[in-house]
Amino acid sequence: LQDKMMLQNLPSILVGHALNPQPNDAILDMCAAPGGKSAHLASLVRNKATIISCDKSPKNIIAAMELFQ
């Protein structure tokens, strides 16, 4: 099931629900790698929001981009 689910710790899951994202929102994830929170936010809005995912590490951004694809 590795292609179907991703393990996350509780704070990473709660932040998405606390944000309460809505379709058409613009969301900035400034510590995005490896991409779990951004992917969770995208699922909460059914891919109907603009999510900008950033991280200071180019290596981590590459890992996140692979997840998003």
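Predicted model only: the values in this text are computed from it and were never measured. (Residues numbered from 1 in each chain as written. Predicted model: local features only at pLDDT ≥ 70, side-chain atom pairs only at ≥ 80, totals over all residues. Heavy atoms only, no water.)

### A word on the overall build of the chain
Counting secondary structure elements, the chain contains three helices and two strands. Mapped in sequence order, the helices and strands of the chain form the string α-β-α-β-α. For the chain, whose C-alpha radius of gyration is 12 Å, the value lies close to the compact-globule estimate of 11 Å for 69 residues. Projected onto its principal axes, the C-alpha positions of the chain cover 30 × 25 × 20 Å. The buried share among the 69 residues of the chain stands at 25%. If you take every contact in the chain between residues at least 6 apart in sequence, the share linking residues at least 24 apart comes to 59%. Put simply, the chain shows about 5,400 Å² of open surface, and 59% of that area lies on carbon and sulfur atoms. (Helix = DSSP H or I, 4+ residues; strand = E, 2+ residues; numbered from the N terminus. Rg over C-alpha atoms; globule rule 2.2 N^0.38 Å. Buried < 20%, exposed > 50% of the residue type's maximum accessible area, 1.4 Å probe, protein only. Contact = heavy atoms within 4.5 Å. Areas by Shrake-Rupley, 256 points an atom, 1.4 Å probe, with all protein chains shown as cover.)

### Some remarks on helix α2 (residues 36–44)
Buried within α2 we find Gly36, Ser38, His40, Leu41 and Ala42. If you follow the buried residues of α2, they end up packed against α1 (10–19), β1 (26–29), β2 (50–53) and α3 (58–68). Directly beyond the C-terminal end of α2, a positive phi value near 55° is found at arginine 46.

### Some thoughts on the pairing of β1
Here β1 shows a clear split, with Ile27 and Asp29 buried on one side and none of Ala26 and Leu28 buried on the other. Sheet topology note: the β1/β2 ladder contains four bridges and is parallel. Bridging across to β2, isoleucine 27 finds its partner in isoleucine 51. In this fold, the crossover linking β1 to β2 by way of α2 has right-handed handedness. (Pairing = 2+ DSSP bridges. Right-handed = clockwise from strand over helix to strand, strands pointing away.)

### Remarks on the confidence of the model for the chain
With 96% of its residues at a pLDDT of at least 70, the chain reaches an overall mean of 88. Averaged pLDDT values for the elements of the chain fall to 85 in α3 and rise to 96 in β1. (pLDDT = per-residue confidence, 0-100.)

### Observations concerning the environment of alanine 26
Relative to the helices and strands, alanine 26 is located in strand β1. For the pair alanine 26 and leucine 10, spaced 16 residues apart in sequence, the C-alpha separation works out to 23 Å.

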